[in-house]
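# Summary of the model geometry
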Amino acid sequence: MDSIVIKGGKRLEGTVKVSGAKNAALPLLASSLLAEGASTFRNVPELADIATMGKLLSSMGCGFERGTGRKSTSITVTVPPAADLEPIAPYELVKTMRASVLVLGPLVARYGKARVSLPGGCAIGARPIDQHLMGLEKLGATISLEHGYVQAKARSRRLTGARINFDVATVTGTENLIMAAALAKGTTVLENAAREPEVEDLARSLNAMGAQIEGAGTDRIEIQGVDSLQPADHDVIPDRIEAGTFLVAAAITGGDVFVEGCVPDHLEVVIEKLREAGALIEARDGGVRVRGPKRLKAVDVKTQPFPGFPTDMQAQLMVAMAVAEGSSVVTENVFENRYMHVQELSRMGANIAVDGKTAIVKGSARLSGAPVMATDLRASASLVLAGLCAEGTTTVQRVYHLDRGYQRIEKKLRALGAEIRRVKA
Ligand code: EPU
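Quick caveat, the model's predicted, so the values are computed rather than measured. Sequence positions are assigned chain by chain, starting from 1 and proceeding in written order. At least 70 in pLDDT is required for a residue's local features to be given in this predicted model, at least 80 for side-chain atom pairs to be given and counted, and no such filter applies to totals for whole chains, interfaces and linings, which use all residues. Excluding hydrogens and water, the side-chain figures rest on all heavy atoms present in the structure.

Whenever a carboxyl oxygen of Asp or Glu lies within 4 Å of a side-chain nitrogen of Lys or Arg, that contact is scored as a salt bridge. In the structure shown here, the tally under the stated rule is 26 salt bridges. By sharing partners, the salt bridges in this structure join Asp2, Asp403, Glu410, Arg422 and Lys424 into a single network.

Encoded structure:
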């Protein structure tokens with residue numbers, strides 16, 4: 001297995017370009033199942049999770065092709081006629097990527113049935129899909145669980161619009177139900193819907209395909225079902241979590257970096273928190289410039305669904321707090337088990353005490369490099385950040401987690417002046 005080796009202490013400087021958003025691209029690729037023919041998406045990042053979605057769509061009978069050369073960020077998914085599609089998501093693929101569950105909504109809507117493996121537990125908590133299933137039942141699907149698979153079947157030829165009130169705001173749950181409702185008969189109203197920019201991006205693409213969706217980006221989404229949709233042709237939004245990770249990288253190294261493609265509206269609270277901690281952040285044409293102070297100050301952070309502080313930035317912010325002046329309280333409200341990075345950061349000299357969903361971080365002047373590894377994507381990113389500001393050498397193992405969500409992070413950081421390289425196993 002590859003590892004990433006970092007010699008800490010370099011100040012980051014220059015421009016880094018953000019790739020397309022993984023969590024926008026995944027539902028968009030799944031949404032191509034809603035229309036026969038060739039859907040094209042541009043600005044799709046080159047990541048392991050995207051390749052997994054490609055394998056999944058291919059296993060069902062779709063074409064999945066990435067452009068080459070300058071078009072390498074585009075992907076075309078070719079969906080065959082309904083009779084030639086196998087609406088099954090096997091365990092082997094779902095177990096490597098929970099987001100595979102995003103094919104459930106489109107499959108039931110267009111093919112009347114689906115067999116999708118249950119994702120099961122994962123490194124960041126139990127992560128049930130009860131809200132996805134509750135919503136599909138309301139839209140007229142019969143759901144049964146057999147041999148570890150969700151078996152969903154539309155009771156009549158088409159799903160039927162309904163009012164669905166989520167108990168928790170779920171991102172992929174909202175996306176699954178928007179896609180299912182897009183082809184249902186009549187009106188669907190989603191209450192307490194997730195407001196993440198990725199949900200909005202999906203709705204934008206679906207509307208261009210001929211869907212009638214209003215209110216995406218708010219907690220009430222109304223969908224008038226239509227009979228059929230055209231294939232998609234869409235540019236994916238930039239990855240706000242990758243962008244946020246670079247903001248922190250610059251802030252903790254006293255750097256001066258322009259994060260090209262960073263959309264300030266997608267990261268308002270993260271930017272606010274970094275400013276409060278002493279970083280200078282300016283929105284510029286086409287991106288955001290960040291300058292780090294000599295040493296950051298401690299700030300408290302609570303994760304919340306969008307527009308709150310994203311859980312996907314909690315581990316990275318914690319690294320900033322681990323080297324900041326003073327003590328901070330970090331509260332993880334979205335997932336129940338998302339502190340796997342703490343033990344590894346402690347091995348690098350961080351002073352962090354976890355009690356339930358709260359972590360008290362006492363800033364220390366420096367971290368010291370060590371061999372570390374993590375079991376989750378964002379936790380791995382936080383270890384890379386820790387390596388950037390630690391004394392000596394840090395080796396981050398199990399890099400496949402990073403490769404699920406960051407496109408060539410070591411190349412991008414090296415271009416900013418970091419001493420970082422990938423060591424092939
Ligand atoms: N939840 C339920 N029941 C459900 C669905 C969710 O109880 O049916 C709970 C979850 O257990 C969690 C909360 O609701 O406590 C929110 O989970 P959500 O469903 O919103 O998460 P998700 O859709 O599975 C997406 C991202 C995650 C990101 C979360 C939260 C994708 C593909 N994944 O997951 O991204 O952390 O939203 O913002 O969009 C990552 O990229 O590293 C990542 C984990």
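Our focus in this paragraph is the site of the ligand. Taken together, 22 residues are adjacent to the ligand, and Gln131, Thr170, Thr172, Asp312 and Val334 come closest. At 3.0 Å from an oxygen atom of the ligand is found a side-chain nitrogen or oxygen belonging to Asn23. Here an oxygen atom of the ligand sits 3.0 Å away from a polar atom, N or O, in the side chain of Arg127. When the free accessible area of the ligand is taken as 820 Å², the share hidden by the protein chains comes to 87%. For the shell around the ligand, the secondary-structure elements that each account for two or more residues are helix H1 (22–31), helix H5 (130–138), helix H6 (171–182) and helix H12 (377–389). Helix and strand definitions follow DSSP, with helices as H or I runs of at least four residues and strands as E runs of at least two, each counted in order from the N terminus. For the shell around the ligand, the leading source of residues is H5, giving three residues. Polarity classes work like this: nonpolar for Ala, Val, Leu, Ile, Met, Phe, Trp, Tyr, Cys and Pro, charged for Asp, Glu, Lys and Arg, and polar for all others, with Gly in that last group. Grouping the amino acids of the shell around the ligand by side-chain chemistry returns ten nonpolar, six polar and six charged. Viewed by domain, the shell around the ligand spans two of them, domain 1 (3–19 + 238–423) and domain 2 (22–235), each represented by three or more residues. For this purpose, a residue is taken to be near a molecule or strand whenever a single non-hydrogen atom of the residue falls within 4 Å of it. Pairs of N or O atoms are called polar contacts if they sit within 3.5 Å, as long as, within protein, a hydrogen donor faces a hydrogen acceptor (for residues adjacent in sequence, only side-chain-to-side-chain pairs). In these tables, accessible area is a Shrake-Rupley quantity obtained with a 1.4 Å probe, and a residue counts as shielded only by the protein chains included in the view. Residue ranges for the domains trace back to a domain assignment, done automatically or taken from a database.

Two strands are said to pair when DSSP picks up at least two bridges between them. Spatial ordering of the open sheet is given by E10-E11-E13-E12, a layout of four strands whose pairing is mixed. The open sheet is flanked by strand E10 (163–165) and strand E12 (212–214), the only strands paired with a single partner. Across this sheet, the average inter-strand angle for adjacent strands is 15°, counted without regard to direction. In this analysis an axis means a line fitted to C-alpha atoms, helices contributing only their contacting stretch, and an angle means the value between N-to-C directions, from 0 to 180 degrees.

A few words now on the sheet that holds strand E20 (residues 351–355). An order of E18-E19-E21-E20 is seen for the four strands of this open sheet, with the pairing classed as mixed. Only two strands of the sheet have a single partner each, and these edge strands are strand E18 (301–302) and E20. Relative to strand E21 (residues 358–362), strand E19 (residues 327–331) runs antiparallel, the two being bridged by five bridges. Its bridge partner being in E21, Val330 is matched across the sheet by Ala359.

Moving on: helix H4 (residues 104–111). Between buried and exposed lies partly exposed: a residue is buried under 20% and exposed over 50% of the maximum accessible area for its type, with that area taken using a 1.4 Å probe on protein chains only. Most of H4 is tucked away: seven of the eight residues are buried. Regarding H4, the residues found buried are Leu104, Gly105, Pro106, Leu107, Val108, Ala109 and Tyr111.

Our next topic: the side chain of Glu344. Locating Glu344 in the fold gives a position in helix H11 (residues 340–347). With relative accessibility at 12%, the residue Glu344 sits in the buried group. A polar contact of 2.8 Å, which involves the side chain of Glu344, links it to the backbone nitrogen of Met373. In this structure, Glu344 is in contact with Val372, Met373 and Leu383, ignoring residues within four places of it in sequence. Throughout, a contact is declared for two residues whenever any of their heavy atoms are within 4.5 Å.

Aromatic contacts are taken between Phe, Tyr and Trp rings whose centres are within 6.5 Å, Trp giving its six-membered ring; a plane angle under 30 degrees counts as stacked, one over 60 as edge-to-face, and the others as tilted. This model, assessed by the stated rule, comprises zero aromatic pairs. In this structure, Arg115 is placed above the aromatic ring of Tyr149, and the distance from its NZ or CZ to the ring centre is 4.2 Å. By definition here, charges over rings are those cases where NZ of Lys or CZ of Arg is within 6 Å of the ring centre and within 35 degrees of the ring normal.

We now examine the environment of Ala283. Take Ala283: it is sitting in strand E16 (residues 280–284). Taking C-alpha positions, Ala283 is 6.6 Å from Pro264, a pair spaced 19 residues apart along the chain.

A few words now on the domain arrangement of the protein. Interface size is often expressed as the accessible area that is lost when the parts come together. By the assigned domains, the protein splits into domain 1 (3–19 + 238–423) and domain 2 (22–235). On a C-alpha basis, the centroid separation for the pair domain 1 and domain 2 is 30 Å. Taken together, the contact pairs 24 residues of domain 1 with 17 residues of domain 2. In short, buried area is how much 1.4 Å probe accessible area vanishes from two parts on joining, totalled over both. Regarding the contact of domain 1 and domain 2, the summed buried area is about 1,700 Å², with carbon and sulfur atoms giving 50% of it. On the surface where domain 1 and domain 2 come into contact, there are three salt bridges. Of the charged contacts in the structure, one is a salt bridge between Asp49 and Arg404, with a shortest N-O distance of 2.9 Å. Linking domain 1 with domain 2 are six residue pairs in polar contact (both at pLDDT 80 or more), by the criterion used here. Of the residues in the side of domain 1 that touches domain 2, the class split is eight nonpolar, six polar and ten charged.

Looking now at the environment of Lys424. Looking at the secondary structure, you find Lys424 in the segment after strand E26 (419–423). As for Lys424 and Ser3, which are separated by 421 residues in sequence, their C-alpha atoms are 6.8 Å apart.

Glancing now at H11. Those residues of H11 lying buried are Met340, His341, Val342, Glu344 and Leu345. Along its buried surface, H11 packs onto helix H10 (314–322), E20, strand E23 (371–373) and H12. At the C-terminal side of H11, Gly349 shows a positive phi close to 100°.

The next subject is unusual backbone geometry. Note that the residue after Phe306, namely Pro307, is joined by a cis bond; omega there is 10°. Within the secondary structure, Pro307 is located in the loop between E18 and H10. In this structure, Asn43 is a non-glycine residue whose phi angle is positive, near 60°. Along the chain, Asn43 turns up in the loop between strand E3 (37–42) and helix H2 (48–59). Assessed through its relative accessible area of 25%, Asn43 is described here as partly exposed.

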